[in-house]
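Each chain, letter by letter, is given below.
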Amino acid sequence: AGGLQSKSSVSYQDHPSGKDMCSNCAHFVPGASPSADGTCKVVAGKISPHGYCFAYTPIS
Ligand code: SF4
């Protein structure tokens, strides 16, 4: 989709970086349940709640 970055361009990984992970990132859009894959406002594709990338932005 237009405007979204690829996973490789932000070095997405399917596991957390310490306690930093998609489920506590401001860009994450949750899936149907807390453990389900969701999406991301800035990175294309299915996103694990336990993933992480260089665009990580912690929820305050
Ligand atoms: Fe996960 Fe990165 Fe999207 Fe944040 S910006 S939800 S860390 S993929």
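Since the model is a prediction, treat every value here as computed from it, not as a measurement.

K.L.:
Report on the overall build of the protein chain, specifying residues and quantitative values.
P.N.:
Scanning the protein chain for helices and strands turns up zero helices and two strands. Whereas a compact globule of 60 residues would reach a radius of gyration of roughly 10 Å, the protein chain reaches 10 Å, a difference of no more than 12%. With respect to the principal axes defined by its C-alpha atoms, the protein chain has extents near 25 × 25 × 20 Å. Looking at the protein chain as a whole, 28% of its 60 residues qualify as buried. When contacts within the protein chain are restricted to residue pairs at least 6 apart in sequence, those whose partners lie at least 24 apart make up 66%. Of the roughly 3700 Å² of accessible surface on the protein chain, a fraction of 57% belongs to carbon and sulfur atoms.

K.L.:
Quick rundown of the pattern of salt bridges? Include the residues and the values.
P.N.:
Taken as a whole and assessed by the stated rule, the structure comprises one salt bridge. Salt-bridge contacts for Lys 46 lead to Asp 37; the nearest nitrogen and oxygen are separated by 3.8 Å. Residue class for Lys 46 comes out exposed when judged on its relative accessible area of 60%. A relative accessible area of 36% places Asp 37 in the partly exposed class.

K.L.:
Tell me what's going on with the packing of aromatic side chains, and back it up with residues and numbers.
P.N.:
If you walk through the whole model with that rule in mind, you get one aromatic pair. Pairing Tyr 52 with Tyr 56 gives two aromatic rings, centres 5.6 Å apart and planes at 40°, and the pair type is tilted. As far as burial versus exposure is concerned, Tyr 52 and Tyr 56 are alike and both buried.

K.L.:
So what about the site of the ligand? Which residues, and what values?
P.N.:
Surveying the vicinity of the ligand reveals the residues Tyr 12, Cys 22, Cys 25, His 27, Phe 28, Cys 40, Val 42, Val 43, Cys 53, Ala 55 and Tyr 56. Looking at the shell around the ligand residue by residue, the classes come out as ten nonpolar, one polar and no charged.

K.L.:
Just give me the short version of unusual backbone geometry, but keep the residues and values in it.
P.N.:
In this structure, Ser 11 takes a positive phi of about 50° despite not being glycine. Tracing the chain through its elements places Ser 11 in the segment before β1 (28-29).

About the criteria used
Residues numbered from 1 in each chain as written. Predicted model: local features only at pLDDT ≥ 70, side-chain atom pairs only at ≥ 80, totals over all residues. Heavy atoms only, no water. Helix = DSSP H or I, 4+ residues; strand = E, 2+ residues; numbered from the N terminus. Rg over C-alpha atoms; globule rule 2.2 N^0.38 Å. Buried < 20%, exposed > 50% of the residue type's maximum accessible area, 1.4 Å probe, protein only. Contact = heavy atoms within 4.5 Å. Areas by Shrake-Rupley, 256 points an atom, 1.4 Å probe, with all protein chains shown as cover. Salt bridge = Lys/Arg side-chain N within 4 Å of Asp/Glu carboxyl O. Phe/Tyr/Trp six-rings, centres within 6.5 Å; stacked < 30°, edge-to-face > 60°. Near = heavy atom within 4 Å. Nonpolar A, V, L, I, M, F, W, Y, C, P; charged D, E, K, R; others polar.

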